[in-house]
Amino acid sequence: MCGIFAYLNYNVGRERRYVLEVLLNGLRRLEYRGYDSAGIAIDSDLTLEAQNENGKCKPYHSSSPLVFRQEGKIESLVTSVYSEVDKLDLDLEKLFLVHAGIAHTRWATHGVPAPKNSHPQSSGEFDEFLVVHNGIITNYEVLKQTLVRQGFKFESDTDTEVIPKLAKFVFDQARDGEGGVTFSQVVMEVMRQLEGAYALIFKSPHYPNELIACKRGSTLILGVNELGGETSRHLFHDVKALTANEKPKELFFSSDLCAIVEHTKNYAAIEDNEIVHIKDGSVSILRFDNEKEMPASVQRALSVLEMEVEQIKKGDFDHFMKKEIHEQPGSLTTSMRGRLKNGIVGLGGLKDHMRTIRRSRRIIFIGCGTSYHAALAARPIMEELTDVPVTMEIASDMLDRKALIFKEDTAVLVSQSGETADTLHALEYALENGALCLGVTNTVGSTLARKTHCGVHINAGCEIGVASTKAYTCQIVVMVMIALAIGSDKLSTLAKREAIIAGLTKLPEQVRDVLKLDGEMKVLAQSLIDEQSLLMFGRGNNYATALEGALKVKEVALMHSEGMLAGEMKHGPLALVDEHLPIIVIATQDDSFSKQQSVIQQLHARKGRLIVMCSKGDASLVCPDGRSRVIEVPQVADCLQPIINIIPLQLLAYHLTVLRGYDVDQPRNLAKSVTTQ
């Protein structure tokens with residue numbers, strides 16, 4: 001949820017203004033994750049006051065850090081930073097051959113949004129240790145009590161503040177003894193005391209021009225940009241071969257690849273319990289083990305990022321959400337590229353485990369929110385093509401119930417980011433119980449991708465809008481392809497599989513066709529702008545469409561909306577129906593069509609205010625009297641229909657949000673990557 005970013009330039013002159021802009025722009029690239037405050041830390045000048053107001057001298061000889069923190073949007077932080085710079089008369093044109101800066105966007109968990117709760121959090125006066133943090137420290141109260149007894153005073157309400165204060169405590173204890181202590185030794189001792197999930201970046205004037213990052217559970221990326229030549233991709237044991245040279249270079253830490261793509265395409269995903277130390281332009285990676293006093297050196301190869309800068313820009317669109325809705329023909333094509341050949345589905349990530357999957361006792365789909373809905377949409381075809389029972393689990397509920405999972409099960413875990421906390425905990429639970437774990441994610445190198453036995457990347461491209469659109473439709477396509485691959489050994493379903501594969505090849509063009517409803521959905525949104533509630537009824541393949549459509553309206557338009565199983569209408573929801581409440585009924589041609597016709601008749605009998613989604617040419621079948629508004633969409637294979645049907649609802653949610661004056665890309669209280677339970 002929080003976003004962390006750091007920038008270190010080595011042997012290349014960068015003005016302070018440039019450093020500030022790199023840090024602030026890094027935060028802008030992390031905005032989509034969701035946040036309510038932000039902050040940065042850079043170096044000041046040695047000429048600034050070396051004493052505090054009580055006459056106490058600073059306990060180091062290097063430049064003091066300058067910390068800027070602000071509640072609200074990043075632009076509020078920008079205004080605050082430049083205002084403070086003017087007051088300090090700080091030289092923005094000063095050139096640094098080496099400089100280390102850190103930055104953070106905060107999504108409040110402990111303490112309200114306020115400057116004192118924003119990051120970087122400090123060890124106290126003189127900012128001897130500064131930390132930016134993504135995650136939650138579960139034992140912070142115990143640590144806080146211990147540090148208070150040692151004389152530390154706390155200024156924030158956050159769990160994070162214990163970390164820099166603990167670092168100072170460790171540093172002071174070591175300094176009082178014989179010999180010195182390295183930055184990595186300080187961080188290692190801090191890690192021994194921390195419990196919970198975290199990604200951390202440390203900055204300290206005791207260790208000028210150095211940065212240390214470490215992680216346990218939360219994503220953290222290292223980016224390397226060697227200037228004046230190709231970055232060699234040696235093993236990171238030979239970080240000395242890669243970075244231990246005098247070549248000018250830029251090094252980055254980030255929660256997300258989106259924040260480094262405009263600087264470099266060379267990156268490494270930091271693993272759990274690893275400590276990455278940047279010193280003298282050289283990168284060292286150490287593996288922390290609580291049982292061992294000394295860490296082990298780690299070998300690591302750089303990966304090349306397959307992402308273009310254009311993917312993280314709006315282009316000609318006003319909002320990322322609209323851009324991503326309209327990108328779906330292309331994202332679906334990319335998801336299928338290289339996987340459909342001569343009527344055969346090939347998924348290289350599954351082939352070594354296919355026999356085990358086919359022999360499964362059952363398949364368990366596990367996800368949260370939109371990812372859960374995508375799995376629900378794929379469940380009918382998975383059961384039909386594989387003859388394996390499929391059950392659905394919301395990750396948090398599965399953990400609360402300690403649901404039964406057996407070693408004969410295959411658990412399919414679905415997460416756009418690959419970092420969803422509940423889904424990752426469900427993964428750990430499934431692994432502990434011996435199930436084969438298959439990941440479906442959009443993020444290469446994510447925790448889900450690394451920790452599952454096998455999996456498939458959906459290749460939807462970078463999705464910036466908090467409300468998922470193109471990732472949802474790509475998830476469904478990928479899970480349909482998984483069903484086709486698992487069931488490819490069954491002669492009885494051959495005709496069905498061939499029809500679906502033929503439908504997949506035509507799907508991007510049909511999605512392009514349904515996107516032409518954009519203007520019509522805007523008109524519909526104008527008629528609903530003042531409504532307080534909206535119901536959506538679906539069944540069969542399109543029960544998931546009703547749930548996901550309602551979720552989109554809730555997420556971004558901030559309107560109460562409920563997706564309901566049409567078969568349950570008579571068991572309570574029918575009481576809500578009157579001539580005022582708008583109801584969307586999804587009644588496209590499939591095995592449930594006649595039942596949906598019956599639902600429409602019953603709602604008409606109660607004077608319901610209906611909006612009916614139907615297949616092209618079926619308007620007279622669903623609304624013979626012409627009393628209802630009709631949305632006509634192309635008819636495709638049953639299992640692909642949810643992909644077509646969700647797009648008008650995505651457009652409706654988008655236009656409702658714009659018309660109601662809300663933030664489309666960063667809805668209130670929500671985060672893109674939910675990394676807390």
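Keep in mind the model is a prediction, meaning the values are calculated, not measured.

Undergrad: Explain the layout of surface pockets residue by residue, including any values.
TA: Counted as a void, the largest pocket has a volume near 790 Å³. Considering the residues around the largest pocket, the lining is formed by 36 residues, among which Met-307, Asn-442, Thr-443, Gly-461 and Cys-462 are closest to the centre. For the lining of the largest pocket, the leading source of residues is helix α8 (residues 328-336), giving three residues. In terms of residue class, the lining of the largest pocket is built from 11 nonpolar, 16 polar and nine charged.

Undergrad: Lay out the sheet that holds strand β1 (residues 3-15) with the relevant residues and their values.
TA: Pairing is antiparallel in the open sheet, where eight strands are placed in the order β3-β2-β4-β1-β10-β9-β11-β15. Across the chains shown, the open sheet's two edge strands, defined by having one partner strand only, are β3 (65-71) and β15 (303-304). Helix α2 (residues 74-88) contacts β2 (37-43), β3 and β4 (95-106) of the sheet and is inclined by roughly 140 degrees relative to β3.

Undergrad: I'd love a proper account of the nonpolar core, names of residues and values included.
TA: Counting 89 residues, the largest nonpolar core has Val-440, Met-479, Ile-482, Leu-504 and Leu-507 as the members making the most contacts within it. Here the element with the most residues in this core is helix α14 (residues 470-486); it accounts for 14 residues. Excluding its chain neighbours within four sequence positions, the residues that come into contact with Val-440 are Val-412, Leu-413, Val-414, Ser-415, Leu-448, Val-456, Ile-458, Val-478, Met-479 and Ile-482. In this structure, Val-22, Leu-92, Phe-320 and Cys-462 belong to the second largest nonpolar core, which totals 39 residues.

Undergrad: Could you give an account of the packing of aromatic side chains, with specific residues and numbers?
TA: Scanning the entire structure with this criterion turns up seven aromatic pairs. Here the aromatic residues Phe-5, Tyr-7, Tyr-18 and Phe-252 are joined through ring pairs into a cluster of three or more. Here Lys-165 stacks its cationic end above the ring of Phe-154, 5.3 Å away from the centre of that ring. Cation over ring: Arg-361 sits above Phe-406, and NZ or CZ is 4.1 Å from the ring centre.

Conventions used here
- Residues numbered from 1 in each chain as written.
- Predicted model: local features only at pLDDT ≥ 70, side-chain atom pairs only at ≥ 80, totals over all residues.
- Heavy atoms only, no water.
- 1 Å grid on protein atoms, 1.4 Å probe; cavity = no way out; pocket = protein on both sides within 12 Å on 5 of 7 lines; lining within 4 Å.
- Points joined across faces, edges and corners; volume = space filled by probe spheres on them.
- Helix = DSSP H or I, 4+ residues; strand = E, 2+ residues; numbered from the N terminus.
- Nonpolar A, V, L, I, M, F, W, Y, C, P; charged D, E, K, R; others polar.
- Pairing = 2+ DSSP bridges.
- Contact = heavy atoms within 4.5 Å.
- Axes fitted to C-alpha atoms, helices over the stretch in contact; angles between N-to-C directions.
- Core = buried A, V, L, I, M, F, W, Y, C linked by side-chain atoms within 4.5 Å.
- Buried < 20%, exposed > 50% of the residue type's maximum accessible area, 1.4 Å probe, protein only.
- Phe/Tyr/Trp six-rings, centres within 6.5 Å; stacked < 30°, edge-to-face > 60°.
- Lys NZ or Arg CZ within 6 Å of the ring centre and 35° of its normal.

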